[in-house]
Amino acid sequence: MMEDFDVIIVGSGPAGVSAAFPLVAAGWKVLMVDGGEVPSGKLPQQSFLEARTSDPEQWKWMVGENFHALSMREAVSPKMRVASHSHVFSGFNQHNRINAENFISVGSLAPGGLSNAWGCGVAKFSSAELDQFPFPSTALDIAYQSVAKRMGISGPRGDDLSDYFGLDSCSQAAIDMDPMHQSMFGKYGANRVYLHKLGVRFGRSRLAALSADHNGRQGCNLSGNCLYGCDRGALYSATDDLRALKKFTNFHHLALVVDGIRKNADGWSIDGQFEQVGKTFSASKILLAAGTIASTRLALKTLDLQNPVRLLSCPTAAFVLCLPSFFGAARTPAFGFGQISFVLSLREDVSALGATFATSGLPLSEFARYMPLRRRYGIDLLKSLLSSCVVGNLFLPGHLSDNQARLDQDGVLQIKGGYHHETDDLLTTAHARLRKAYRRLGAYMLPTSFTAGKPGGDIHYAGTLPMRKNPIPGESDASGQLFGLAGVYVVDGACLPVLPEKSHTLTIMANAHRIACEMVTGA
């Protein structure tokens, strides 16, 4: 049987496109498949604040013509309630046969995957974190540079988090801060000694977002539409890379939800539905880049492995800060994702990462739930209060989660979520220290606003099929190849052996790039 392609990549998110570029550039015939869900929501055509006051059809992007925002009311992250992102999450668990208990299972069938709704945080893993990978940490250095150059990232050159993020040498200038973040950052210098003793370091966020034009995309204009979709392309999305890949004649892209992977005489076949008709495509190699959860199900199904595997996810929390010196100030357009980041040392072996965000791109309803008042009175209060508020989040390392995934006899991936027994105490400590730290910066944490998220709620997943030096069934080797399935590789978060508190997307992309480069060279 002749193969249709040299490689089939399942998934078109950040991992899939990062693996595709080296393969396509080397002349390999590549098929990339994804679920093909396309956007239907309307994007705001003005800045967020202008559109909120003058767009008569704002309900179409605030709520959605199919009332998506209302149907997702229980979702933890506001980006999951954005109408223009409804296609990103639509049908994922149903089509991939996922059943989750005490775990928020999120994935994507859309071209570009979850990067369509990504918060754009980027960081390199430290040498200590990379020591847990089964290859030299230096093996990712070139890949980090290559991926960062392609996607375009921004941040400052030289602050207290330079070593932590490790990306200053390849960053554009940082995106401008809003007045409240300028105020807090201005006070940081005078209180640095106290804050360092408290275990807190602050710095500008490093982001997959442009402050200047890059590769046909435009730099940020502070419209405040980050959450709803940037029509300038300032925020990185793998859909931009997908468009670039489609210019290669040896690259092919199809809307196909993969139901299974089979071994054939010469390689591998995938089965799925294309335009509601069952289709099969073959290749010498299969690369799983469907996202940690979907790739895990496909791998366990192909391995016929029903033992439970560990699923790492970062415990999270969110909070609201008020800066009294800004009471009565008018809300102004601002960059809507992380502006100032913090690293909080909780123990010698545990740190937390978080950032604060402007509230100017968020509706009042996002905050009413945190008010110790009835919702009606909470909204009335927030109309006056919100112009002096920023919101924050916090991530803990993934080893403080206690989630398991198991393929049952019916082919359904059953996920059970939970937290490590130390997680609650660590979040309590983080809450207390952050409250003190921000008070030094003139910001006060609103009572009852510090809220822990449910397991899986912020979509930082990894580690179900980890790379090991000596893998066993259910694990992969240093090349991402699944033990027992020669020719099937995992290139997304499922193959990471560790999930620190920092954003892992850039490392997933760099590792996928590394694996594809080694595939091309035969290393």
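Since we're looking at a predicted model, the values are computed, not measured.

## Considering the sheet that holds strand β14 (residues 403-407)
As summarised here, the arrangement of the five strands in space is β3-β15-β14-β9-β18, forming an open sheet in which the pairing is mixed. In the strand order of this sheet, the two ends are held by β3 (98-101) and β18 (461-462), each with one partner. The pairing of β3 with strand β15 (residues 413-416) spans four bridges and is classified as parallel. Counted as the bridge partner of N99 is Q414 from β15. Against the sheet, helix α13 (residues 292-303) contacts β3, β9 (309-313), β14, β15 and β18, and its axis sits at roughly 130° relative to β15.

## Some thoughts on α13
Taking 1.5 Å per residue as the helical rise, α13 with its 12 residues ought to reach 16 Å, and the 16 Å between its terminal C-alpha atoms agrees with that figure. With respect to burial, α13 is a largely interior element, 11 of its 12 residues being buried. Restricting attention to buried positions, one finds in α13 the residues T292, I293, A294, S295, T296, R297, L298, A299, L300, T302 and L303. A positive phi of about 55° marks D304, the residue just after α13.

## Here we look at the environment of A69
Secondary-structure assignment places A69 in helix α4 (residues 68-71). In the structure, A69 is positioned 218 residues away from L287 in sequence and 34 Å away in space, judged by C-alpha atoms. Other than its neighbours up to four places away in sequence, A69 contacts M62, V63 and R81.

## Here's the deal with the packing of helix α1 (residues 14-25) against helix α17 (residues 505-521)
Remark: α1 packs on α17, axes separated minimally by 8 Å, with the N-to-C direction vectors making an angle of 30°. On the basis of their axis angle, the class for α1 and α17 is roughly parallel. Of the two elements, α1 crosses α17, and the hand of that crossing is right-handed. Within the contact between the two elements, α1 uses P14, A15, S18, A19, P22 and L23 and α17 uses T505, I508, M509, A512, H513, A516, C517, M519 and V520.

Conventions and cut-offs
Residues numbered from 1 in each chain as written. Predicted model: local features only at pLDDT ≥ 70, side-chain atom pairs only at ≥ 80, totals over all residues. Heavy atoms only, no water. Pairing = 2+ DSSP bridges. Helix = DSSP H or I, 4+ residues; strand = E, 2+ residues; numbered from the N terminus. Contact = heavy atoms within 4.5 Å. Axes fitted to C-alpha atoms, helices over the stretch in contact; angles between N-to-C directions. Expected span 1.5 Å × (residues − 1). Buried < 20%, exposed > 50% of the residue type's maximum accessible area, 1.4 Å probe, protein only. Parallel < 35°, antiparallel > 145°, perpendicular 65-115°, else oblique. Left-handed = near helix turned anticlockwise from the far one by under 90°.

This is a description of form; function is not addressed.
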